[in-house]
Amino acid sequence: MKALIIGAGIGGMSTAAALKQQGIECEIFEAVKEIKPVGAALSIWSNGVKCMNHLGMGHIMDALGGPMHNMAYHDGISGGVMTQFSLAPLVESVGERPCPVSRADLQSQMIDWWGHDKIQFGKRIERVEQTDTEVTAYFTDGTEATGDMMVAADGTHSAVRAHVLGQQLERRYAGYVNWNGLVDIDESIAPGDQWTTFVADGKRVSIMPIADGRFYFFFDVPLPKGLSEDRSTLVSDLTQYFSGWAAPVQTLINAIDPDTTNRIEIHDIEPFDTLVKGNIALLGDAAHSTTPDIGQGGCSALEDAVVLGEYFVGKDKTTAGILTAFKQYEDARRFRVKDLVLKARKRCDVTHGKDQQETQAWYDELKRETGENIIAGLRSTILGGPLA
Ligand code: FAD
């Protein structure tokens, strides 16, 4: 039984790991010759870390996870603490820690774990054909590959999604621009063991520690889509957007390297119910594109892979076995992923001032927050995963 896996991102690599555990041969096809991740880092929350452990890649989390033991919100303008608390009660109640990690390192370690030479790079799928028993991928270089099933983990711009859904979906602009990158840990910006966030005016500046003494930072600013900003104006743009903000924010802006800082217009896709068409399954961002506001896009790709793999346990290695496992995967995942996308969208709107009154009410809440409510929210998201 052979699976064609499209995309060597978090979704594709974790799917390969999950199917390999079930004795299924996997061929991985990746469009680009060299993967250049769109973001500097990711917070892999406890549900994602559990999936990495389950898939035999826990050592990657151990090596890359930053020491994020506390969490704090500050008023962006005055710099004053709104709330500050330990994440230990969360870790204790869900049974695993969160791991903020360098995205490039995560990606390359997952690829190395599988074997770089065993992945076919420079293979961009443009078309797919399926029969009851086979799937054929056609690549832009004129080559093709056939397998018993396909898992399309080809990201938010998926080339396979329209085939599965029978329609092309448009991405929805979420209303804000995100700049992200890495800097050395500097305690005059924030403590080196804490996820620190500055908020005001629907904007946000966030800093979290990853391994090797580095901070992952990001800036969010509600802006129209399509502004002509580029690297040459990046520092002056941020200086202008955060003019009058507290000293740590100014220190961070002065520390960033514009050449390695990403600027991303944030999008999601209206959730949909169809994740599977016969022997083709969508997985990861191809199946559910979310804003990053609850840090669950990559985690849910990991969850997808674990769930898909588990539905092959005890199945006949036949077409009927594949169709049943894929259908079970779709049934198990569609509500969870829809919930995560909509939760992130709601968080996105509140954080980024879609309704100023709601955002102000959230700022007021943060000043009364002991950590209990935030931890309850994080816990409920994490425990909704498959390995709770
Ligand atoms: P991708 O990572 O996009 O990988 C898809 C792969 O498929 C790519 O390598 C691509 O080159 C390849 N591909 C594309 N088209 C084709 C084709 N036609 N043929 C063959 N290959 C193709 N998630 C978290 O869990 N925590 C976070 O903190 C977090 N923060 C984020 C911050 C930002 C700013 C952004 C934008 C996202 C964030 N996410 C986070 C979401 C996370 O990045 C994605 O959900 C995750 O990368 C999805 O993995 P994937 O493998 O499905 O897709």
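The structure this text deals with has already been given above.
Reading the values: the criteria
- Residues numbered from 1 in each chain as written.
- Predicted model: local features only at pLDDT ≥ 70, side-chain atom pairs only at ≥ 80, totals over all residues.
- Heavy atoms only, no water.
- Near = heavy atom within 4 Å.
- Polar contact = N/O pair within 3.5 Å; in protein donor to acceptor, adjacent residues only side chain to side chain.
- Areas by Shrake-Rupley, 256 points an atom, 1.4 Å probe, with all protein chains shown as cover.
- Helix = DSSP H or I, 4+ residues; strand = E, 2+ residues; numbered from the N terminus.
- Nonpolar A, V, L, I, M, F, W, Y, C, P; charged D, E, K, R; others polar.
- Buried < 20%, exposed > 50% of the residue type's maximum accessible area, 1.4 Å probe, protein only.

(A) Layout of the site of the ligand. Taken together, 30 residues lie around the ligand, and Gly11, Glu30, Ser43, Arg103 and Asp285 are the ones closest in. Within the backbone of alanine 31, an N or O atom sits 3.1 Å from a nitrogen atom of the ligand. Glycine 297 has a polar backbone atom sitting 3.3 Å from an oxygen atom of the ligand. Coverage of the ligand by the protein amounts to 87% of the 1000 Å² it exposes when considered alone. Contributing elements (two or more residues each) for the shell around the ligand: helix H1 (10-21), strand E2 (25-30), strand E3 (41-44), strand E12 (172-184) and helix H9 (297-310). Residue contributions to the shell around the ligand peak at three residues, all from H9. Looking at the shell around the ligand residue by residue, the class counts come to 12 nonpolar, 12 polar and six charged.

(B) Summary view of the side chain of threonine 197. For threonine 197, the location among the structural elements is in strand E13 (residues 194-200). Since its relative accessible area comes to 2%, threonine 197 is described here as buried. Here tryptophan 195 takes part through its side chain, which lies 3.3 Å from a polar atom of the side chain of threonine 197.

Structural measurements only, silent on function.
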